[in-house]
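Chain and residue survey
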Amino acid sequence: MSIYTMSNTIKIKKHILHYSYLKLEKEEVDEICDKVEKEMRDFFEKEFPEEFKAFNEKNDKDQKEHTQKSLKETEETSDTTDEEEVPSKPPKNADIKKIYRKIAEKTHPDKIGDDSQAEIFSEAAEAYQENNVAKLLDLASSLNIEFTELSEDTLKLLENNITSMNQYIINKKSTTAWSWHMTKTDEDKKMVIKNILKLAGITQ
């Protein structure tokens, strides 16, 4: 094995481990945020009943306006796209094809004769469609499939996938749900609700 190949292999392994860590962190953050939603709503309704009602009415109104706007934009778009040629999708990256094929060989029900790996195959198919090489490599690693060489384009795509995952976590940790999770006292919780009301324009 050449020094270049060894270096490439180490880089790939580090990226896969980094992605695996971020995937677990994403799952944890999502679970926490989903869990506190009901708690936050119940506290909001109990401590600020009038404001809670006004907030929900405003939300319903905003949602209706957003839906109407989206429907109008969809109708306008369909009028123009009927006459336009739909752009073809760019060809799949060769490494992504290879990784997906290797995973399919070990997980596709028709290949292995049962549905024991159907969930992994489904995840791989989704990752393939999304050009998520990081997720494909993570799934391959769980099946003891190793890739020691990837093209520079694939490595860049891998790094972009990891950056996107990291940005998702950062964005999630800037949400109201995460702020609520970080509160220690009822006064802190009330402050979070007051900020929600202020941002919604319900209070000054």
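To be clear, the structure that these remarks concern was listed above.
Residues numbered from 1 in each chain as written. Predicted model: local features only at pLDDT ≥ 70, side-chain atom pairs only at ≥ 80, totals over all residues. Heavy atoms only, no water.

**With respect to the nonpolar core**
What tends to happen in soluble globular proteins is that the nonpolar side chains get buried as a cluster. With 46 residues, the main nonpolar core has Ile99, Ile103, Leu136, Leu137 and Ile193 as its most contacted residues. Contacts of Ile193, omitting those with residues within four sequence positions, involve Met40, Phe43, Phe44, Phe48 and Trp180. (Core = buried A, V, L, I, M, F, W, Y, C linked by side-chain atoms within 4.5 Å. Buried < 20%, exposed > 50% of the residue type's maximum accessible area, 1.4 Å probe, protein only. Contact = heavy atoms within 4.5 Å.)

**With respect to a negative patch on the surface**
Side chains of Glu27, Glu28, Glu31, Asp34 and Glu37 sit close together on the surface and give a patch of like negative charge. The class of Glu37 is partly exposed, set by a relative accessible area of 41%. (Patch = residues over 30% accessible without salt bridge, like charges linked within 9 Å, V, L, I, M, F, W, Y side chains within 5 Å. Areas by Shrake-Rupley, 256 points an atom, 1.4 Å probe, with all protein chains shown as cover. Salt bridge = Lys/Arg side-chain N within 4 Å of Asp/Glu carboxyl O. Lys, Arg positive; Asp, Glu negative; His and termini not counted. Charge placed at Lys NZ, Arg CZ, Asp CG, Glu CD.)

**Here we look at unusual backbone geometry**
One non-glycine residue, Asn131, adopts positive backbone phi at about 60°. In this fold, Asn131 is placed in the loop between α5 (118–129) and α6 (133–142). With a relative accessible area of 29%, Asn131 lands in the partly exposed category. Positioned with a positive phi, Asn144 is a non-glycine residue whose angle comes to about 60°. Relative to the assigned elements, Asn144 resides in the loop between α6 and α7 (152–172). Residue Asn144 is classed as exposed on the basis of its relative accessible area, which comes to 68%. (Helix = DSSP H or I, 4+ residues; strand = E, 2+ residues; numbered from the N terminus.)

**Here we look at helix α9 (residues 186–199)**
With 14 residues, α9 extends 20 Å from end C-alpha to end C-alpha; this agrees with the ideal 20 Å at 1.5 Å per step. Every buried residue of α9 is listed here: Lys189, Val192, Ile193, Ile196 and Leu197. The buried side chains of α9 occupy one side of the element, clustering within an arc of 140° when seen end-on. Among the exposed residues of α9, those oriented more than 90 degrees off its buried face are Glu187, Lys198 and Leu199. Within two residues after α9, Gly201 carries a phi angle of roughly 80°, on the positive side. (Expected span 1.5 Å × (residues − 1). Arc of directions from axis to C-beta.)

**What about the pattern of salt bridges?**
As enumerated under the stated definition, the model contains 8 salt bridges in all. Residues Lys190 and Glu47 are paired through a salt bridge, measuring 3.9 Å at the closest nitrogen-oxygen approach. Here Lys190 is found in helix α9, whereas its partner Glu47 is found in helix α1 (residues 3–47), with 143 residues between them in sequence. With relative accessibility at 24%, the residue Lys190 sits in the partly exposed group.

**Considering the side chain of Asp138**
Here Asp138 lies in helix α6. Not counting the four nearest positions on each side in its chain, Asp138 is found in contact with Ile16, Tyr19, Ser20 and Lys23.

**Let's talk about the packing of aromatic side chains**
Scanning all chains against the criterion turns up 6 aromatic pairs. Ring geometry for Phe43 versus Trp180: centroids 5.2 Å apart, planes at 70°, classification edge-to-face. With Phe43 in helix α1 and Trp180 in helix α8 (residues 176–181), this residue pair connects regions lying 137 residues apart in the sequence. Ring centres of Phe44 and Phe55 lie 5.5 Å apart, and the angle between their planes is 55°; on these two criteria the pair is classed as tilted. Highlighted residues: Phe44 in helix α1 and Phe55 in helix α2 (residues 49–81), separated in sequence by 11 residues. As far as burial versus exposure is concerned, Phe44 and Phe55 are alike and both buried. Taken together, Phe44, Phe48, Phe52 and Phe55 form an aromatic cluster joined through their ring pairs. Over the ring of Trp180 we find Lys189; its NZ or CZ atom is 5.5 Å from the centre of that ring. (Phe/Tyr/Trp six-rings, centres within 6.5 Å; stacked < 30°, edge-to-face > 60°. Lys NZ or Arg CZ within 6 Å of the ring centre and 35° of its normal.)

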